[in-house]
Every structure is written in structure tokens, then in C-alpha cells.
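Breakdown of the fold
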Amino acid sequence: QVQLVESGGGLVQPGGSLRLSCAASGRSFSNYAMAWFRQAPGKEREFVAAISWSGGSTHYADSVKGRFTISRDNGKNTVNLQMNSLKPEDTAVYYCATDRTRRVGNVWVPKLEDYEYNYWGQGTQVTVSS
């Protein structure tokens, strides 16, 4: 049974920073790409960032590019999301997720749709407000 547990959310002022963490257990962490999604009230869940099995490759939504950084530590089975220059429109529940497909070969293609991920954390609330 795969378990993902997010932490690090909270209330922050515009322009501030937060660091989200996701601890994974239950299978070979380093063989699966990981991603962060978010869902704001009244909106559909949207892709935020993804990272390859080794952490050597990343991909970001245009809305967060240059402000957010995704990283992973395969020794600790964690994936992180450093969020800087936060804006009110970043307010949402943030979820980490694991790729549905185990690593195949050495070429990683980032997956942007939530149906391509099959395990999800419970979510952590991020609120950006003055």
C-alpha cells in the first residue's frame, strides 16, 4: 500500500515563501516520477510541477515557472516544492502524486494530467493573503 503524506502548508503573505514536503512509503520510490498538483475552491485540480525518477529533470506549469522549484531525495523518499514569490492566486490545496507507470528506459516525458497518477496524498492547504 502506497502512502503519501504532505506537510508544510499554511498562511503566508503575498511575496512570501513556503516549502511543501511529501513523504512516500510502500514501494520503490526512485522508480516512479512524482508531481505536485493543486486545487483552488470552485476550480478543477491543475498540474503544478513534475520531477523525473532521479530528480535530474523537472517540468513546471507556466503559472509557477521561475517561482516554484520541485526536488526529491530518493534516500529519504521525499519530494519537495519550494514556493517563492507567492501570489494570492496560488491559494489552493496542494497534493503530491506518484506516476501510474514505473520507470521505463532512460527518457522521461513529463505527465501533466491527473489521471496519469494513481496515488495521492491527503493535501495541504496553502493560503496567500495579506
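We now turn to the structure provided with this report. Chains are numbered independently. Their residues run from 1 in the order of the written sequence. With the structure being a predicted model, the display of local features is reserved for residues of pLDDT at least 70 and the display and counting of side-chain atom pairs for 80 or more, all residues being used for whole-chain, interface and lining totals. Here the side-chain values reflect all heavy atoms present in the structure, with hydrogen atoms and water set aside.

Salt-bridge detection follows one rule: a side-chain nitrogen of Lys or Arg within 4 Å of a carboxyl oxygen of Asp or Glu. Applying the stated criterion to the full structure yields six salt bridges. In this structure, the salt-bridge partner of Asp90 is Arg38, at a minimum N-O distance of 2.9 Å. You can see Asp90 sitting in the loop between β8 (78-83) and β9 (92-99) and its partner Arg38 sitting in strand β4 (residues 34-39), a full 52 residues away along the chain. Arg38 matches Asp90 in its accessibility class, with the two residues each being buried. Via salt bridges that share partners, Arg38, Glu46, Arg67 and Asp90 belong to a single interconnected network. Numbering of helices and strands starts at the N terminus; helices are DSSP runs of H or I of at least 4 residues and strands are runs of E of at least 2. Three exposure classes are used, based on accessible area relative to the maximum for each residue type with a 1.4 Å probe and protein chains only: buried under 20%, partly exposed in between, and exposed over 50%.

Moving on: the packing of aromatic side chains. Each aromatic ring pair is summarised here by two numbers: the centre-to-centre distance and the angle between the ring planes. Only Phe, Tyr and Trp rings are paired, with Trp represented by its six-membered ring, and only when their centres lie within 6.5 Å; those with planes under 30 degrees apart are stacked, over 60 edge-to-face, the remainder tilted. Within this structure, the stated rule accounts for five aromatic pairs. An angle of 70° between the planes, with centres 5.4 Å apart, marks the rings of Phe37 and Tyr117 as edge-to-face. Highlighted residues: Phe37 in strand β4 and Tyr117 in strand β10 (residues 117-120), separated in sequence by 80 residues. Each member of the pair Phe37 and Tyr117 is classed as buried. Through successive ring pairs, a cluster of aromatic residues spans Phe37, Phe47, Tyr95, Tyr117 and Trp120. For a ring to carry a charge above it, either NZ of a lysine or CZ of an arginine must fall within 6 Å of the ring centroid while also lying within 35 degrees of the normal to the ring plane. Note that Arg45 overlies the ring of Tyr95, its terminal NZ or CZ placed 5.7 Å from the centroid. Geometry around Trp120 places Arg45 over its ring, the cationic atom sitting 3.7 Å from the centre.

Next up on the list: the state of the cysteines. Two cysteine sulfur atoms form a disulfide, by the criterion used here, when they sit within 2.5 Å. Inspection of the entire model under this criterion finds one disulfide. The partner cysteine of Cys22 in its disulfide is Cys96, sulfur to sulfur 1.9 Å. Handedness here is read from the sign of the S-S torsion; for Cys22 and Cys96, about 50°, the answer is right-handed. Of the two residues, Cys22 sits in strand β3 (residues 18-25) while Cys96 sits in strand β9, which places them 74 residues apart along the sequence. A residue is classified by how much of its surface remains accessible, and Cys22, at 0% relative accessible area, is buried. Accessibility expressed as a relative area gives 0% for Cys96, which makes it buried.

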